[in-house]
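Here are the chains, one letter per residue:
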Amino acid sequence: MVSNIFLALGSNKGDRLNFISEAINKISENENCGLVKVSSIYETTPYGLTAQENFFNAAIEIKTSFTIEELYYFVKEVERKTGRMKSSVHQGPREIDVDIIFYNNLIYNSDKLTVPHKDSLKRDFVMTPLIEIASEFVHPILNKKLCEIDLSLIERHIICKIKALSISPKG
């Protein structure tokens, strides 16, 4: 299994905490994935389209036997099974959003996916949970540990840390 796979999760519709917990459970229950670490939940203001409810955001580390493309389709299926409804509004409200931020040290670009996630360094609600669970991980493009990346100039969206999730790593 490939290690150092990091996913960011967000929700701002309905029972936000439940949507995030349910998505993490669906990921960890798959035979091709093993949950390694789970960050705390952070309440954040919206990014992009700001006229919507606040988000809950978190990050997880998994190990997987999925290729990068298989993982992409798997997380899209997790979103669908967790209750994500299609929307024509880019960056609009959503029940659950799961993004692949890092896939080990892979640098990957396709028409559907860019890894490392192209906007991760602009989003404190992605970087803060990642640093919480993987401060020593080396960003494959910057060649710096996450804890060494200067985040002082990015927009601030985090309102507060809500809580740690009580989901235990499996595998």
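For the structure, check the block above.
The notes below deal with the structure included here.

Conventions adopted
- Residues numbered from 1 in each chain as written.
- Predicted model: local features only at pLDDT ≥ 70, side-chain atom pairs only at ≥ 80, totals over all residues.
- Heavy atoms only, no water.
- Salt bridge = Lys/Arg side-chain N within 4 Å of Asp/Glu carboxyl O.
- Helix = DSSP H or I, 4+ residues; strand = E, 2+ residues; numbered from the N terminus.
- Buried < 20%, exposed > 50% of the residue type's maximum accessible area, 1.4 Å probe, protein only.
- Core = buried A, V, L, I, M, F, W, Y, C linked by side-chain atoms within 4.5 Å.
- Contact = heavy atoms within 4.5 Å.
- Patch = residues over 30% accessible without salt bridge, like charges linked within 9 Å, V, L, I, M, F, W, Y side chains within 5 Å.
- Areas by Shrake-Rupley, 256 points an atom, 1.4 Å probe, with all protein chains shown as cover.
- Phe/Tyr/Trp six-rings, centres within 6.5 Å; stacked < 30°, edge-to-face > 60°.
- Lys NZ or Arg CZ within 6 Å of the ring centre and 35° of its normal.
- Expected span 1.5 Å × (residues − 1).
- Arc of directions from axis to C-beta.
- 1 Å grid on protein atoms, 1.4 Å probe; cavity = no way out; pocket = protein on both sides within 12 Å on 5 of 7 lines; lining within 4 Å.
- Points joined across faces, edges and corners; volume = space filled by probe spheres on them.

1. Here's the deal with the pattern of salt bridges
- Evaluated as defined, the whole model comprises 12 salt bridges.
- A salt bridge links Glu22 to Lys26, with the nearest nitrogen and oxygen atoms 3.5 Å apart. One end of the pair, Glu22, and the other, Lys26, are both in helix 1 (residues 16–29), 4 residues apart, so they sit about a helical turn from each other.
- In this structure, the salt-bridge partner of Glu77 is Lys81, at a minimum N-O distance of 3.9 Å. Here Glu77 pairs with Lys81, and both are found in helix 2 (residues 68–82), just 4 residues apart, close to one helical turn.
- On the basis of relative accessibility, which here comes to 29%, the residue Glu77 falls in the partly exposed class.

2. Let's talk about the nonpolar core
- Membership of the largest hydrophobic core comes to 30 residues, with the highest contact counts inside it found for Leu7, Ile27, Ile60, Ile62, Leu71 and Ile100.
- Tallying contributions element by element places helix 2 first for this core, with 6 residues.
- Non-local contacts of Leu71, meaning those with residues more than four positions away in its chain, are made with Ile5, Leu7, Ile62, Phe66, Ile100 and Tyr103.
- Membership of the second largest hydrophobic core comes to 17 residues, among which are Ala59, Phe125, Ile149 and Ile154.

3. Comments concerning a nonpolar patch on the surface
- On the surface, Ile107, Ile141 and Leu142 cluster together to form a nonpolar patch covering roughly 280 Å² of accessible area.
- Here Leu142 shows up in the loop between helix 3 (124–134) and strand 8 (158–164).

4. Description of the packing of aromatic side chains
- This structure, assessed with the given rule, holds 6 aromatic pairs.
- Relative to Tyr73, the ring of Tyr72 has its centre 5.2 Å away and its plane inclined at 80°; by these criteria the two rings are edge-to-face.
- With a relative accessible area of 48%, Tyr73 lands in the partly exposed category.
- Relative to Phe137, the ring of Phe102 lies with its centre 4.9 Å away and its plane at 50°, an arrangement referred to as tilted. With a gap of 35 residues between them, Phe102 in strand 5 (residues 97–103) and Phe137 in the loop between helix 3 and strand 8 connect regions that are remote in the sequence. Phe137 carries the same exposure label as Phe102, and that label is buried.
- Among the aromatic residues, those joined into a ring-pair cluster are Phe6, Phe102 and Phe137.
- Across from the ring centre of Phe56, 3.8 Å away, lies the NZ or CZ of Arg16, which sits over that ring.

5. Overview of the side chain of Ser120
- Mapped onto the secondary structure, Ser120 falls in the loop between strand 7 (114–115) and helix 3.
- Those residues in contact with Ser120 that lie beyond four places of it in its chain are Ile101, Val126 and Met127.

6. Side note on helix 2
- For helix 2, built from 15 residues, the straight-helix expectation of 21 Å at 1.5 Å per residue is met to within 8% by its first-to-last C-alpha distance of 21 Å.
- Taken as a whole, helix 2 has its buried residues at Ile68, Leu71, Tyr72, Phe74, Val75, Val78, Glu79 and Thr82. All buried residues of helix 2 lie within an arc of 165° about the axis, which places them on one face of the element. Set apart from the buried face of helix 2 by more than 90 degrees, the exposed residues are Arg80 and Lys81.
- Positive backbone phi, at 120°, marks Gly83, one or two positions downstream of helix 2.

7. Section: helix 1
- Between its terminal C-alpha atoms helix 1 stretches 20 Å, which fits the 20 Å expected from 14 residues at 1.5 Å a residue.
- Within helix 1, burial applies to Phe19, Ile20, Ser21, Ala23, Ile24, Ile27 and Ser28.

8. Quick look at the layout of surface pockets
- By volume, the largest pocket amounts to about 1,000 Å³.
- Per-element accounting of the lining of the largest pocket gives the leading share, 5 residues, to helix 2.

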